[in-house]
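For reference, the chains in residue letters:
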Amino acid sequence: MKILLESLLQKIFPNKAKQAERYGLDNLDDDVIGYPPDQKGIPVVKNSVLIERLNADIRFLRNELGLTAEDFELYLTPVITDFIKYAHLLPASEYHHHSTGGGLIYHSLDVAKRAMRKAQISQYPVSIGTMADTQQSNQQWKTATVLAALLHDCGKIVTDMVVSNGQQGKARLEWDSYGNQNITEWAFEHNIERYFISWSPTNRNKAHLNASVAVLQRLIPQHTMSWIDSCYDGKTIHTAMLASVASANAAHVLSKIVAESDSASVKQDMYNRNSHITKEMKRTPISLVLSDLIKHYIIIGRWEINKKNAKVWFIDDELYFVWNKIVPELVGELEKAGYTITDSADVLARVMIEEGVAECCSDDELYFPIFPEILGDKKKPQRLICLKYIRVEKVIKNPEKLYSISQHKAKTKSSKETTRTQEPIDNNMAEEIEEISSTPEIEQPVYIENARVSVQRLIKSAATVTQHKTIETEHKVIETKVAHDEPAPPITIKFESEFIKYAYEKFDLQFEDGAIILPLKLLNDVAMSISENFGDITEFEAMNDLKTNKEVTLI
């Protein structure tokens, strides 16, 4: 009778956890799953639907890792499924790699698969135990490598983003990423059909590393940790796994495998420019594509730093690329991936400068001359012409550990060699010279071509060499009449917002009727540049400010 009553109550009041598992959409075809934040929010999809979509990736790991089916189901499957439920459809980044719906879990599984392949052919540290001890430990080494790769970015859920119901004030509900509920369970409890993502306004670079260690220990069950520790090298494996996630020991083979697999996954996503779940195309700035490819080449050791014939130099704590040497390799790689990109080093240098990752030497000179101390000597220093890269953390995994070298001082002619002895000047000639020197010099306008104009010019010149066309720019040239005897006062424009002033000067925009004229096609570029140069505003906030600011006219 008691059993019958409990069965009846279960039908009337089913278990909440089981209800939550059945809560959400039955498919991934929603047209707004994609590039967050979206005004409609991200739909709550059933966890079973996500797991089913990712079954092929899970099956690949099961078949190739080398564990028995029973061991895989016991030690790894719970971690993978719990992580899928935890990450749900969250992106891996706001505007960078895997930034569409489900990007985080897809990227994590992709890194895990790549790491597993590398683990199969890697030599882990040899212990002083027997051959049997080493063979047994090898299984745990490979498993720990896959787990570290799978969970290397899990801390981003805690540090980089906030999941909410999209409301403000007292009606706002936020998911507790440290709590006991996953997103679906939280949404079920509060009857939420769509959730929204907001991003941390502070600098998020590497903020997730320590958090990833904490979340990893929560997602990996106790019996899996105990199994890893049970082998002869268990404690060493455990320490190496945590260190690789925290990026604390880059020289260890496990850390290298995870770092290289992560870099390869990012590079591949920047090529494909879409999410595996939504297939949504996303716009990726060319500077980010080039930066990720440069980072990949440095991580895998294709490009060394501060060596003879090197293409990358870290001198006086500044990073330089021998640009005309690396551009052909970058362009060749991108063309293989299906990109159509100019092979002009100067145009690509201007793109890097305009998108805020590089710096020009002066108003009319793109490149910096450097004189590395290991090349040539003080009397005959060897000069390299380089592009200065200012976002070191984007291409160097641990920039604080990078060793900086010095450079020779550039040899210049002394003033004694360049100054000629002047002959005596009579009084009449002196008066003429004084009259000439007192006449104000009329400064001629200097036109500096930007990257987009350069691309247009190259395309036109390729179409026909003989036909000459005038390059039209979007920038308004303000002509002022300059009196022969008195220079015209400079035109000054006052802005209420520092962001708008920066955009006006950085992108050389027009100014009419009290507002800058901003073409819609430049909106993303301007917002990204503002975000990168002002640490207290995100790219999304900058874009909203540009759209609503009275000092901006969008065309």
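Analysis parameters
Residues numbered from 1 in each chain as written. Predicted model: local features only at pLDDT ≥ 70, side-chain atom pairs only at ≥ 80, totals over all residues. Heavy atoms only, no water. Pairing = 2+ DSSP bridges. Helix = DSSP H or I, 4+ residues; strand = E, 2+ residues; numbered from the N terminus. Axes fitted to C-alpha atoms, helices over the stretch in contact; angles between N-to-C directions. Contact = heavy atoms within 4.5 Å. Phe/Tyr/Trp six-rings, centres within 6.5 Å; stacked < 30°, edge-to-face > 60°. Buried < 20%, exposed > 50% of the residue type's maximum accessible area, 1.4 Å probe, protein only. Arc of directions from axis to C-beta. Salt bridge = Lys/Arg side-chain N within 4 Å of Asp/Glu carboxyl O. pLDDT = per-residue confidence, 0-100.

Read across the sheet, three strands follow the order β9-β10-β11 without closing on themselves; strand pairing throughout is mixed. Sheet topology places β9 (510-512) and β11 (552-554) at the edges, where each strand pairs with a single neighbour. On average, adjacent strands in this sheet sit at an angle of 35° to one another, irrespective of strand direction. Sheet topology note: the strand β10 (residues 515-518)/β11 ladder contains three bridges and is parallel. Its bridge partner lying in β11, Ile517 is registered against Thr553. The strands that helix α20 (residues 498-506) touches are β9, β10 and β11; relative to β10, the one it contacts most, it runs at about 55°.

Our focus in this paragraph is the packing of aromatic side chains. One pass over the structure, following the stated rule, counts eight aromatic pairs. Seen in terms of ring centroids, Tyr297 and Trp303 are 4.9 Å apart; in terms of plane orientation they differ by 70°. Their pairing is edge-to-face. The pair formed by Tyr297 and Trp303 is uniform in burial state, with each residue classed as buried. Look at Tyr504 and Phe511: their rings are 6.2 Å apart centre to centre, the planes differ by 75°, and that puts the pair in the edge-to-face class. Chaining the aromatic ring pairs together yields one cluster made of Phe321, Trp323 and Tyr389.

Restricting attention to buried positions, one finds in helix α4 (residues 55-64) the residues Asp57, Ile58 and Leu61. Across the axial projection of α4, the buried residues extend over an arc of 100°, all falling on one side.

Turning our eyes to something else, we now look at the pairing of strand β3 (residues 194-199). Of the two faces of β3, only one is covered, namely that formed by Tyr195, Ile197 and Trp199; the face formed by Arg194, Phe196 and Ser198 stays uncovered. Pairing of strand β1 (residues 42-43) with β3 involves two bridges; the strand directions are antiparallel. By the bridge assignment for β3, Ile42 is matched with Tyr195.

The sheet built from three strands is open, its strands ordered β1-β3-β2 with antiparallel pairing. For this open sheet the edge positions go to β1 and β2 (161-164), each flanked by a neighbour on one side alone.

Once that is clear, we can look at the pattern of salt bridges. Applying the stated rule across the entire model yields 13 salt bridges. Between Asp110 and Arg114 there is a salt bridge; the shortest N-O distance is 3.1 Å. Pair noted here: Asp110 and Arg114 are both in helix α6 (residues 103-120), with a separation of four residues, about one helical turn. With relative accessibility at 11%, the residue Asp110 sits in the buried group. The class of Arg114 is partly exposed, set by a relative accessible area of 21%. Arg391 is paired through a salt bridge with Glu393; the nearest N and O atoms lie 3.1 Å apart. Using a relative accessible area of 18% as the deciding quantity, one classes Arg391 as buried. Note on Glu393: relative accessible area 28%, which makes it partly exposed. It is possible to trace a salt-bridge network through shared partners that takes in Arg302, Lys311 and Glu329.

So, on to the confidence of the model for the chain. A low pLDDT means the predicted coordinates there should not be read in detail. Summary statistics for the chain give a mean pLDDT of 76 and a share of 72% for residues scoring 70 or more. Confidence drops under a pLDDT of 50 for residues 1-10, and excluding neighbours within four residues, the segment shows two contacts in the predicted structure. Every residue in residues 459-488 is under pLDDT 50, and counting partners more than four places away or in other chains gives 31 contacts.

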